[in-house]
Amino acid sequence: MPLTRSLDAATVVITGASSGIGTATAYALARRGAAVVLAARSEAALVRVAQRCQELGGRSLVVPTDVTDATSVERLAERAATGFGRIDAWINNAAVSGVGLFDEIPVAEFRRVLEVNLLGAVHGIRAALPHLSAAGGGVVVNNASVLAEVAMPYQSAYNATKHGLRGLADTVRQELRVTGRGNISICTVLPATVDTPFFRHVANHSGREVLPPPPVYPPEMVAATIVRLLRRPRREAYAGTAARLIGLQWRLAPALAERTLGWYTHRTQFGPGVRLESTGNVFRADADGRRDGGWHGRRRQLVRMTAAFGLAAAGTAVGTIAARSRRARTERA
């Protein structure tokens, strides 16, 4: 069910609010008059985001939070409920990643990605549910990425967490429904590549410059999708035409799509520059309140690449239908 009250009277908790999609979502909600509770590791960045939210007409509360710490997340929920009287929605957006071959990513770093992206959402949902129930219902939105449905090379830990997050959301949604708590909606958003600082802050074990595979969409597009989910909850929502087309191709012909996407990202995820090995922001906060990552030039490839994905998906569909038809004729013969 949708929020029990309008957005201009709602309280929304956002993790990973110190940059990128989290910041863009905070601004989108602030423009609608919502009270936003901003959580991330970097307090200085959160303060800058909070100031801008207030300039846009919203109310804001800064709560520095490490989502890997269940106690810290519980404290976040209590601060939100105390500060604004209730919690109407919770957005699990915090995420980190490491880029490199699976067997070259340190185990401690792999574990940390799991703890932030997946366990962070577990802690968030567990902290949110009692408050959403007390408010008469509400919405949880998990930012899972299209990589919750498909996969790309060199980001094994990130892929694993996003697939896990999608399964977690599906399970919790089922449990809420069968236990009579269907007034709480669990939604999953699956964005394509987004122009945020994410790719500049990833841990890098590739030895090369990491780039976002085009097409690259603005973070405001994902924020708008999240706002729509808060108003009209759905199980899942793609953000970006490319995400929808890639997902379709993966469902129609998974083996072919896996090979195609692997080939594509292998050639577009790295630039010519050499980079020293780095742990990025996996263990330390380095957000600065910026929404975009400065990848505007790669946005210009959006139309061309979306058209290419569309043709590929159409070709896959035709090939799949033809193959099924041939099998059917063979079986009848």
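So, here's what we can say about the structure. (Residues numbered from 1 in each chain as written. Predicted model: local features only at pLDDT ≥ 70, side-chain atom pairs only at ≥ 80, totals over all residues. Heavy atoms only, no water.)

### Thoughts on the layout of surface pockets
Counted as a void, the largest pocket has a volume near 250 Å³. Lining of the largest pocket is provided by 15 residues; of these, F199, R200, N204, V210 and R275 occupy positions nearest its centre. Those elements that place two or more of their residues in the lining of the largest pocket are helix 6 (198–201) and strand 9 (208–210). The residue inventory of the lining of the largest pocket, partitioned by class, reads 5 nonpolar, 4 polar and 6 charged. (1 Å grid on protein atoms, 1.4 Å probe; cavity = no way out; pocket = protein on both sides within 12 Å on 5 of 7 lines; lining within 4 Å. Points joined across faces, edges and corners; volume = space filled by probe spheres on them. Helix = DSSP H or I, 4+ residues; strand = E, 2+ residues; numbered from the N terminus. Nonpolar A, V, L, I, M, F, W, Y, C, P; charged D, E, K, R; others polar.)

### Points about the sheet that holds strand 2 (residues 35–39)
Overall, parallel pairing links the 7 strands, which are arranged 3-2-1-4-6-7-10 in an open sheet. A strand with exactly one partner marks an edge of an open sheet, and here the two such strands are strand 3 (59–62) and strand 10 (236–239). In this sheet, neighbouring strand axes are inclined to one another by 20° on average, regardless of whether the strands run parallel or antiparallel. Bridging between strand 7 (residues 184–191) and strand 10 involves 4 bridges; their strand directions are parallel. Paired with P191 across the bridge in strand 10 is A239. (Pairing = 2+ DSSP bridges. Axes fitted to C-alpha atoms, helices over the stretch in contact; angles between N-to-C directions.)

### Overview of the packing of aromatic side chains
Going through the model one piece at a time under the given rule, you end up with 4 aromatic pairs. Ring geometry for Y158 against F198: centres 5.3 Å apart, planes inclined by 55°, an arrangement best described as tilted. Here the residue Y158 occupies a position in helix 5 (residues 156–178), and F198 occupies one in helix 6, the gap between them amounting to 40 residues. On the accessibility criterion, Y158 (10% relative accessible area) is buried. Centroid distance F198 to F199: 5.3 Å. Interplanar angle 85°. Geometry classified as edge-to-face. Of the residues examined, F199 reaches a relative accessible area of 10% and is grouped as buried. The rings of Y158, F198 and F199 are connected pair by pair, giving a single aromatic cluster. (Phe/Tyr/Trp six-rings, centres within 6.5 Å; stacked < 30°, edge-to-face > 60°. Buried < 20%, exposed > 50% of the residue type's maximum accessible area, 1.4 Å probe, protein only.)

### Some thoughts on the pairing of strand 4 (residues 89–92)
Neither face of strand 4 is open: one carries A89 and I91, the other W90 and N92, and all of them are buried. Of the pairings in the sheet, the one linking strand 1 (residues 11–15) to strand 4 comprises 3 bridges and is parallel in character. The residue of strand 4 that forms the bridge with I14 is I91. With 4 bridges joining them, strand 4 and strand 6 (residues 138–143) adopt parallel strand pairing. Bridge pairing in strand 6 links W90 to V140.

### Quick word on helix 4 (residues 107–134)
The end-to-end C-alpha distance of helix 4 is 40 Å, a good match for the 40 Å that 28 residues give at a rise of 1.5 Å each. Taken as a whole, helix 4 carries its principal kink of about 35° at L119. G136 occupies a position one or two residues after helix 4 and carries a positive phi of about 90°. (Expected span 1.5 Å × (residues − 1). Bend = angle between axes of the 7 residues up to and from the residue.)

### Concerning helix 1 (residues 20–31)
Its 12 residues give helix 1 an end-to-end C-alpha distance of 17 Å, which sits within 8% of 16 Å, the value for a rise of 1.5 Å per residue. Burial within helix 1 is extensive, with 11 of its 12 residues counted as buried. Listing the buried residues of helix 1 in full gives G20, I21, G22, T23, A24, T25, A26, Y27, A28, L29 and A30. Where helix 1 ends, the next residue or the one after it, G33, has phi of about 85°, a positive value.

### Structural notes on the side chain of T161
Relative to the helices and strands, T161 is located in helix 5. Residue T161 is classed as buried on the basis of its relative accessible area, which comes to 0%. One polar contact links T161 to N117, side chain to side chain, over a distance of 3.2 Å. Each residue touching T161, except ones within four places of it in the same chain, is listed here: V113, L114, N117 and L118. (Polar contact = N/O pair within 3.5 Å; in protein donor to acceptor, adjacent residues only side chain to side chain. Contact = heavy atoms within 4.5 Å.)

### Considerations on the packing of helix 3 (residues 70–84) against helix 4
Working note: a packed helix pair is described by the angle between its axes plus the distance between those axes. Between helix 3 and helix 4, the shortest axis-to-axis distance is 9 Å and the interhelical angle comes to 30°. Crossing handedness for the pair helix 3 and helix 4: right-handed. Together, A70, V73, E74, A77, E78 and A81 of helix 3 and H123, G124, A127 and H131 of helix 4 make up the contact between the two elements. Its residues assigned to classes, the contact of helix 3 with helix 4 shows 5 nonpolar, 3 polar and 2 charged. (Left-handed = near helix turned anticlockwise from the far one by under 90°.)

### Some details on the packing of helix 1 against helix 7 (residues 219–231)
The interhelical angle for the contact between helix 1 and helix 7, taken along N-to-C directions, is 55°, at an axis separation of 8 Å. With respect to helix 7, the axis of helix 1 lies oblique. By crossing handedness, the relation of helix 1 to helix 7 is classed as right-handed. Across from G20, I21, A24, T25, A28 and L29 in helix 1, the residues of helix 7 making contact are P219, E220, V222, A223, I226, V227 and L230. Of the residues contributing to the contact of helix 1 with helix 7, the split by class is 10 nonpolar, 2 polar and 1 charged. (Parallel < 35°, antiparallel > 145°, perpendicular 65-115°, else oblique.)

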